[in-house]
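# Summary of structural features
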Amino acid sequence: MKELQIENISWILNHFYFLIYEHYSVKDITIGLRSYPSVVFKNHQFGIDVNICGSDLGCECNDYEVYIIKKRLFSTHIISVSKLMDKNEQWMEKEKNISSYSNFIQQNLMPVIRGEKWG
């Protein structure tokens, strides 16, 4: 089990390494006994988090969900990457995994990641 968790963390860091070039740092890594690991990247300049959330093992849902979160003084804005993928004809039929989330963000959401545009 430990090897699976370490392998999944490595997989996430490898696919989302592009965020490091966009001035994000790893804010948090969570390893659960009965769930896939989760990783949070943070851009302190723009106050944007990219949360890669692992689901429970054996769950009939996607292994991971990815959210882009921007907190402001009195509000929090959340973008669900999987919901955006479902609205996009090119992406709606593809399997939702770490690789597809990473590719979707790099191809469609870089202005959001860079803090140039929201939603």
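The notes below deal with the structure included here.

Attention now moves to unusual backbone geometry. One non-glycine residue, His-23, adopts positive backbone phi at about 70 degrees. Positionally, His-23 belongs in the loop between helix H2 (18-21) and strand S1 (25-30). Look at His-23 and you get exposed, because its relative accessible area is 61%.

Attention now moves to the packing of aromatic side chains. Counting across every chain of the model gives five aromatic pairs. For the pair Tyr-36 and Tyr-64, a centre-to-centre distance of 5.5 Å together with 45 degrees between the ring planes defines the contact as tilted. Placement of Tyr-36 in the loop between S1 and strand S2 (38-43) and of Tyr-64 in strand S4 (residues 64-71) is noted, with a sequence separation of 28 residues between them. Among the aromatic side chains, those forming a connected cluster through ring pairs are Phe-16, Phe-18 and Phe-41. Directly above the aromatic system of Trp-91 lies the positively charged group of Lys-94, at a separation of 4.3 Å from the ring centroid.

Our focus in this paragraph is the layout of surface pockets. Estimated volume of the largest pocket: approximately 220 Å³. Around the largest pocket, the lining is made up of 13 residues, and of these Asp-63, Tyr-64, Lys-96, Asn-97 and Ile-98 lie nearest the centre. Mapped by element, the contributors of at least two residues to the lining of the largest pocket are helix H1 (2-15) and helix H4 (98-108). The element contributing the most residues to the lining of the largest pocket is H1, with three residues.

About the criteria used
Residues numbered from 1 in each chain as written. Predicted model: local features only at pLDDT ≥ 70, side-chain atom pairs only at ≥ 80, totals over all residues. Heavy atoms only, no water. Helix = DSSP H or I, 4+ residues; strand = E, 2+ residues; numbered from the N terminus. Buried < 20%, exposed > 50% of the residue type's maximum accessible area, 1.4 Å probe, protein only. Phe/Tyr/Trp six-rings, centres within 6.5 Å; stacked < 30°, edge-to-face > 60°. Lys NZ or Arg CZ within 6 Å of the ring centre and 35° of its normal. 1 Å grid on protein atoms, 1.4 Å probe; cavity = no way out; pocket = protein on both sides within 12 Å on 5 of 7 lines; lining within 4 Å. Points joined across faces, edges and corners; volume = space filled by probe spheres on them.

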